Amino acid sequence: MYDWALTFGQEVELIWRQRWSLMAVLYLTIRYVGIGYAVLKTLPNIPTILLTDTVGRIAYYAHQCIDEAVDVILGVIMIARLHAMYQHSRKVLIILVVTFLAVRIADAVMGIIFVIHSSSEEFVLSGTYQCISNYQRDTIYLDIMTWILSTVWEVLALCLAVWIAVNHFHELRQHSARGVTGGYFMVLMKTHVSYFAIFVGISCFNIGLFSPMLSDLYSLESQIYLGFTQIFKFGQLFVLGPRLILGVREYHAQLAANPDTVSAMTSIAFQERIHVSTSSSV
């Protein structure tokens with residue numbers, strides 16, 4: 001909520017007041033689905049709210065579905081960014097789409113198996129009813145495989161972004177120029193690296209779950225550890241995820257406000273048509 005309040009002014013100016021596009025819809029979807037996501041994660045942990053096994057299981061399914069849906073949306077945003085950075089190369093687009101579909105389909109299948117073999121249990125804690133989810137030990141390895149596949153996709157996306165950015169900056173250096181596209185590449189890389197950095201943080205937390213000290217997932221230490229993991233996960237999906245779009249639009253707006261650079265604008269930012277006073281488009 002703090003981040004939403006902090007960037008709401010930018011959101012109104014750069015999203016709501018601009019022409020609607022696919023990226024605008026994806027931005028708003030991620031932004032506001034995050035509120036429901038936070039509610040679903042918080043409700044089961046509030047002692048004064050009673051959840052039956054059925055309600056707890058429905059909330060768990062809804063949480064998992066939101067998680068998968070947002071991952072897909074972020075993948076689409078990442079594909080659009082890389083496709084634009086590679087000057088709309090069909091070959092790169094095919095590689096990205098095929099790889100992403102393979103990863104998501106495998107993740108979905110393993111996720112379904114994981115959910116099928118999980119169960120919810122109601123118990124009494126300090127006079128209040130709590131609902132927890134139980135997992136068979138073997139299904140934990142499915143979660144590991146899902147994390148590995150997600151890591152493969154994120155590393156591939158980062159490597160492709162770094163490769164084209166390095167080549168682009170090298171060409172600009174040879175010509176002793178930076179240009180508008182150089183600024184766009186800089187913004188794209190900053191937002192991408194920030195997004196990847198928090199993904200690495202989440203991965204480190206996931207690896208830490210295999211520590212013998214966290215063998216009891218319902219101990220106080222484990223619950224605190226899992227809480228920090230969820231905070232990082234929320235930051236990746238619903239804070240830095242939307243900024244992948246907002247950062248580029250903010251830079252475009254800065255260029256649009258500068259008469260010296262308006263005429264030099266290009267279509268690097270997701271091939272979107274953003275309405276500005278000069279009638280230029282990005």
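A quick note: this is a predicted structure, and the numbers were derived from the prediction, not measured.

Residues and numbers for the overall build of the protein, please.
Helix and strand counts for the protein come out as eight helices and two strands. In the protein, the succession of helices and strands from N to C terminus is α-α-α-α-β-β-α-α-α-α. Counting over 282 residues, the protein shows a buried share of 43%. Relative to all contacts within the protein whose residues are 6 or more apart in sequence, the contacts with residues 24 or more apart total 70%. Accessible area of the protein: about 15,400 Å², with a carbon and sulfur share of 68%.

Help me get a handle on the pattern of salt bridges, residues and values and all.
Under the criterion given, the structure shown has five salt bridges. For Arg104, the salt bridge identified is with Asp107, shortest N-O distance 3.2 Å. Here Arg104 pairs with Asp107, and both are found in helix H4 (residues 90–116), just three residues apart, close to one helical turn. The same class applies to Arg104 as to Asp107, namely buried. Put simply, Glu68, Asp71, Arg104 and Asp107 are held in one network by salt bridges that share partners.

Residues and numbers for the environment of Ala80, please.
Here Ala80 shows up in helix H3 (residues 53–85). Given the relative accessible area of 18%, Ala80 is considered buried.

So, how was this worked out
- Throughout, a residue's number is its position along its own chain's written sequence, starting from 1.
- Side-chain atom pairs in this predicted model are given and counted only at pLDDT of 80 or more, local residue features only at pLDDT of at least 70, and totals for whole chains, interfaces and linings cover all residues.
- In computing side-chain values, all of the structure's heavy atoms are included and hydrogens and water are not.
- Every helix listed is a DSSP run of H or I at least four residues long, and every strand listed is a run of E at least two residues long, numbered separately from the N terminus.
- Throughout this description, buried means an accessible area under 20% of the type-specific maximum (1.4 Å probe, protein chains only), exposed means over 50%, and partly exposed covers the range between.
- By definition, residues are in contact when any of their heavy atoms lie within 4.5 Å.
- Here, Shrake-Rupley sampling with a 1.4 Å probe gives the accessible areas, and only protein chains in the shown set may cover a residue.
- Within this document, salt bridges are pairs made up of a side-chain nitrogen of Lys or Arg and a carboxyl oxygen of Asp or Glu, the two lying within 4 Å of each other.

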